[in-house]
Amino acid sequence: MQTILINHNDVNQRIDNFIRKAYPKLSLGLIYRYLRIKRIKVNDRRIKPDYRLQHNDKLSIYINDDLLSKKKTYTDFLLAPNKLDIVYEDKNILLVNKPVGLVVHNDEKNKIDTLINRIQHYLYEKKEWDYAKENSFIPALVHRIDRNTGGLVLAAKNAESLRVLNEKIKYHEIDKYYLCRVHGIVKPKNGILQDYLTRNLKTKIVKITSKPINDNSQSIITEYRTISYSKDTSLLQIKLITGKTHQIRAHMAFINHPLVGEQKYTTKTYSKANLYSHQVLMATKIVFNFRNDAGVLNYLNHKKFELNDSDHMLK
């Protein structure tokens, strides 16, 4: 038998989802069976699979120990640096300025030094999160940017904040702005681009088309505003209405204005004076525009966070 006392980071999870994360050897079928025959109980009562856990619930599990082995304790984050360029922090969220060249999550090379590992190491050292005391929660990013894109990335420090932020991202109640430098003089100076994006999972390259090409094609909307011109390039502010993989890079290339330094989404050769080692793109501003209740994050409504003088990095 094992007993788990539900903490604040486990609250409001369905019990079947919680058990799947806590005990990966248990299949969903076994979980449903054990719930039905009362080998899994909450507060000594039989409950249904859709029961949502409450703070201080006592979860009792009467199952052989060989099925209750948990995942290996995850400690890779302790090998990553814990130094961060923090733009804003409170008890619920962390907003950091990611440097160019740092991946946000482990990639196919299984890098230890990732943004999320740095954040977890930082919170562990601050004693705000302890992996050994958590049943299922791990601090997480709520959105991502490419390795060679620098700028603002938002992370949740607890489960309730992660739930709210994911919901707000889904319903477009968090506005994300970018600065980029593109080849050519963009006309009209301001506009909204509406097309379709289809991702190739094998090549990890996306294709933009004016019409959907298959069932996996997703509608994308990119709003841009020209800030200035410099020789044969334009400095743009981009607002993502939708946020899909490589959306800005691929969408600007689709209208024949690829980002300066872009290598994946253009075959055209530009003068050496305009070549960079990576795409000239930065996530520079986040605005919280909550139209609905944001629970523990209501205090963030209408707040704006912006990198100072970020445009000079793109010149």
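Here, every reference points to the structure presented above.
Computed from a predicted structure; not experimentally measured.

Colleague: An account of the side chain of Q279 is needed here, citing residue identities and associated values.
Modeller: Tracing the backbone shows Q279 in the loop between α5 (247–254) and β13 (281–288). Accessibility expressed as a relative area gives 5% for Q279, which makes it buried. Polar contacts involving the side chain of Q279 include one to the side chain of T149, which spans 3.2 Å. If we skip the residues at most four places from it in the chain, Q279 touches D146, N148, T149, R249, L259, V260, G261 and E262.

Colleague: Go over the environment of R181 with me, naming the residues and quoting the values.
Modeller: Along the chain, R181 falls in strand β8 (residues 174–183). For the pair formed by R181 and T233, sequence separation is 52 residues and the distance between their alpha carbons is 6.6 Å. Side-chain polar atoms of R181 contact the side chain of T233, separated by 2.9 Å.

Colleague: How would you sum up the layout of surface pockets? Please name residues and give values.
Modeller: Looking at the largest pocket, its volume works out to about 1300 Å³. Considering the residues around the largest pocket, the lining is formed by 38 residues, among which R144, I145, D146, T245 and H246 are closest to the centre. For the lining of the largest pocket, the secondary-structure elements that each account for two or more residues are β8, β12 (233–240) and α5. Considering each element in turn, the lining of the largest pocket owes the most residues, four residues, to β8.

Colleague: Provide a residue-level description of the packing of aromatic side chains, including the pertinent values.
Modeller: The tally for this structure, following the rule as stated, stands at eight aromatic pairs. Ring geometry for W129 against Y131: centres 6.3 Å apart, planes inclined by 55°, an arrangement best described as tilted. Between F288 and F290, the ring centres sit 5.7 Å apart and the planes meet at 70°, which makes this aromatic pair edge-to-face. Given a relative accessible area of 0%, F288 falls into the buried group. Overall, F290 belongs to the buried group, its relative accessible area being 7%. Through pairs of rings, three or more aromatic residues link up here, namely F77, Y124, W129 and Y131. Lying across the ring of Y177, K285 places its NZ or CZ 4.4 Å from the centre.

Colleague: Which residues make up a positive patch on the surface, and what are the values?
Modeller: On the surface, R33, R36, K38, R39, R46 and K48 cluster together into a positively charged patch. As for its placement among the helices and strands, R33 is situated in helix α2 (residues 28–36).

Colleague: Account for the sheet that holds strand β1 (residues 2–5), naming residues and giving values.
Modeller: The antiparallel open sheet is built from three strands, whose spatial order is β1-β3-β2. Because the sheet does not close on itself, it has two edges, and the strands there are β1 and β2 (40–42). Strand after strand, the sheet turns through a mean of 15° between neighbouring axes, direction not considered. Relative to strand β3 (residues 58–61), β1 runs antiparallel, the two being bridged by four bridges.

Colleague: Residue-level account of the nonpolar core, with values.
Modeller: Grouped together as the largest cluster of nonpolar side chains are 53 residues, with contacts concentrated most on L115, I119, L154, L165, I238 and F288. Excluding its chain neighbours within four sequence positions, the residues that come into contact with L165 are I93, V142, L154, A156, I174, F288 and L297. If you look at the next biggest cluster of nonpolar residues, it comprises 20 residues, including F18, I19, L26 and V42.

Criteria and cut-off values
- Residues numbered from 1 in each chain as written.
- Predicted model: local features only at pLDDT ≥ 70, side-chain atom pairs only at ≥ 80, totals over all residues.
- Heavy atoms only, no water.
- Helix = DSSP H or I, 4+ residues; strand = E, 2+ residues; numbered from the N terminus.
- Buried < 20%, exposed > 50% of the residue type's maximum accessible area, 1.4 Å probe, protein only.
- Polar contact = N/O pair within 3.5 Å; in protein donor to acceptor, adjacent residues only side chain to side chain.
- Contact = heavy atoms within 4.5 Å.
- 1 Å grid on protein atoms, 1.4 Å probe; cavity = no way out; pocket = protein on both sides within 12 Å on 5 of 7 lines; lining within 4 Å.
- Points joined across faces, edges and corners; volume = space filled by probe spheres on them.
- Phe/Tyr/Trp six-rings, centres within 6.5 Å; stacked < 30°, edge-to-face > 60°.
- Lys NZ or Arg CZ within 6 Å of the ring centre and 35° of its normal.
- Patch = residues over 30% accessible without salt bridge, like charges linked within 9 Å, V, L, I, M, F, W, Y side chains within 5 Å.
- Areas by Shrake-Rupley, 256 points an atom, 1.4 Å probe, with all protein chains shown as cover.
- Salt bridge = Lys/Arg side-chain N within 4 Å of Asp/Glu carboxyl O.
- Lys, Arg positive; Asp, Glu negative; His and termini not counted.
- Charge placed at Lys NZ, Arg CZ, Asp CG, Glu CD.
- Pairing = 2+ DSSP bridges.
- Axes fitted to C-alpha atoms, helices over the stretch in contact; angles between N-to-C directions.
- Core = buried A, V, L, I, M, F, W, Y, C linked by side-chain atoms within 4.5 Å.

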